[in-house]
Amino acid sequence: MIMQLTNIERVSVITPQQFKEEYLLPQKPVVMTGLSNQWPAYTKWTWDYIKEAVGKIKVGVYNNTRSGARVPVNGADEYMLFGQYLDMIQKGPVALRIFLFNVFKYAPGLIKDITFPEHLLKGFLKKYPMLFVGGAGSIAHMHYDIDMSHIFHTQFLGSKRVLLLRNDQAPFIYRMPTTVESAASFVNWHEHLDIDHFPALKYAQAYETILEHGDTMFMPSGYWHHMQYMESGIAMSLRALPSGVGAKLNGVYHLLGLRGFNNMLIKLAPEWWFTYKRKLATENAAKAVEKLGATI
């Protein structure tokens, strides 16, 4: 058994009421296939168009190697011109990706190419739409976004395979305490999972889908996600703060407290902290399975 997998529901047209009742309030993901097809970006965002806009900007790129004991979260592996990177990933599989790139900071005119779906949700962080780019074979390993935003993630070029889990599934996927990361590997999860080393994975309840040109995936606040680029591609995430004071404070805690504490221990006691986080993740997974009346 490879987890408990459900395909993410797909809709073409959705009303605000339907979105609220069926997806936002239940905190359930959905792929909207008709949301972006009226945006100029739907046809304008080609490799050459993006390269012309921001190709001369130097960006950090990330490989598929997961962070080790002495590596703070989100440290780039190398830097290069964005245009050089785009040329590289169009030639063939390249396990390098770019994430959280605020393209509008350098090319503000591109903001006219998209439309914030405010008829579905309020509270968008309009200064921080983020570009995600990856070569075929690159991987965003399992994590959840530290700012706890709701995400509208639109694929403009290429395709990628996506795995999502609600935040309450964290123990079953070996969440490491004080981080937004999992100790388990989900690389090629659709073919194989390391149940021998991470037996609680088979009790996790997850969603899966493949995103292609024009697909917009709504990912509720706090959702775990793992993404693998099947083809070199470009996507855009529009972020919206969750409603309620408690939810916003939780985001502040994650940004200021949790990440800082984790990076501090990485500097002070890297090897001990690396091992201890994984030990706690294993213990918490066993306790979660025990509550289900099962064993691992």
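It should be emphasised that the depicted structure is a prediction, and the values quoted were computed from it without experimental measurement. (Residues numbered from 1 in each chain as written. Predicted model: local features only at pLDDT ≥ 70, side-chain atom pairs only at ≥ 80, totals over all residues. Heavy atoms only, no water.)

> I'm lost on helix H4 (residues 82-91) in this one. Help?
Helical geometry note: an α-helix holds 3.6 residues per turn, so side chains three or four residues apart project in the same direction. Buried residues of H4: Phe82, Gly83, Tyr85, Leu86 and Ile89, and no others. For H4, the angular spread of buried residues about the axis comes to 160°, placing them on one side. (Buried < 20%, exposed > 50% of the residue type's maximum accessible area, 1.4 Å probe, protein only. Helix = DSSP H or I, 4+ residues; strand = E, 2+ residues; numbered from the N terminus. Arc of directions from axis to C-beta.)

> Hey, could you run me through the sheet that holds strand E11 (residues 205-211) in this one?
Sheets are built from strands that pair by backbone hydrogen bonding, the pairs being arranged parallel or antiparallel. Spatial ordering of the open sheet is given by E1-E11-E10-E13-E8, a layout of five strands whose pairing is mixed. Looking at which strands have only one partner, the edges of the open sheet turn out to be strand E1 (4-7) and strand E8 (139-144). Neighbour-to-neighbour, the strand axes of this sheet turn through a mean angle of 20°, independent of strand direction. The sheet contact formed by strand E10 (residues 160-165) and E11 spans five bridges and is antiparallel. Residue pairing in the sheet places Lys160 in a bridge with Leu211 of E11. (Pairing = 2+ DSSP bridges. Axes fitted to C-alpha atoms, helices over the stretch in contact; angles between N-to-C directions.)

> Help me out: how do you make sense of the nonpolar core in this one?
One recurring pattern in soluble globular proteins: nonpolar side chains tend to sit buried together. Trp45, Phe82, Tyr85, Leu131, Val133 and Phe152 are the most contacted members of the largest nonpolar core, which has 44 residues in total. In this structure, Leu131 is in contact with Trp45, Ile50, Phe82, Ile98, Phe99, Leu100, Phe101, Val103, Ile234, Ala235 and Met236, ignoring residues within four places of it in sequence. Membership of the second largest hydrophobic core comes to 29 residues, among which are Tyr144, Ile173, Ala184 and Ala285. (Core = buried A, V, L, I, M, F, W, Y, C linked by side-chain atoms within 4.5 Å. Contact = heavy atoms within 4.5 Å.)

> Sorry if this is basic, but what is going on with helix H7 (residues 270-291) here?
For H7, built from 22 residues, the straight-helix expectation of 32 Å at 1.5 Å per residue is met to within 8% by its first-to-last C-alpha distance of 32 Å. By the burial criterion, the buried members of H7 are Pro270, Trp273, Lys277, Leu280, Ala281, Ala285, Ala288 and Val289. Just past H7, the residue Gly293 takes up positive phi, approximately 80°. (Expected span 1.5 Å × (residues − 1).)

> When you look at the sheet that holds strand E9 (residues 150-157) in this model, what are you seeing that I'm missing?
Pairing within the open sheet is mixed, and its seven strands lie in the order E2-E3-E12-E9-E14-E7-E6. Every interior strand has two partners, whereas the edge strands, strand E2 (10-11) and strand E6 (97-101), have only one. Inspection of the sheet shows E6 paired to strand E7 (residues 130-134) by three bridges, in the antiparallel sense. Note that in E7 the partner of Ile98 across the bridge is Val133. Taken strand by strand, helix H1 (residues 16-24) contacts E2, strand E3 (30-32), E9 and strand E12 (216-219), and its axis lies near 55° from that of E12. Docked against the sheet, helix H3 (residues 47-54) engages E6, E7, E9 and strand E14 (233-240), running at close to 65° with respect to E14.

> Whenever I open this one, the side chain of Gln169 confuses me. Can you help?
Relative to the elements of secondary structure, Gln169 occurs in the loop between E10 and E11. When its relative accessible area of 10% is taken as the criterion, Gln169 is described as buried. A distance of 2.9 Å separates the side chain of Gln169 from the backbone nitrogen of Gln205, its partner in a polar contact. Among residues more than four places away in sequence, those in contact with Gln169 are Tyr203, Ala204 and Gln205. (Polar contact = N/O pair within 3.5 Å; in protein donor to acceptor, adjacent residues only side chain to side chain.)

> What is the right way to look at the pairing of E10 in this model?
Note on strand geometry: in a regular strand, side chains alternate between the two faces of the sheet. Judged by how many residues are buried, E10 sits mostly within the fold: six of six residues are covered. Of the two faces of E10, the one carrying Lys160, Val162 and Leu164 and the one carrying Arg161, Leu163 and Leu165 are both buried.

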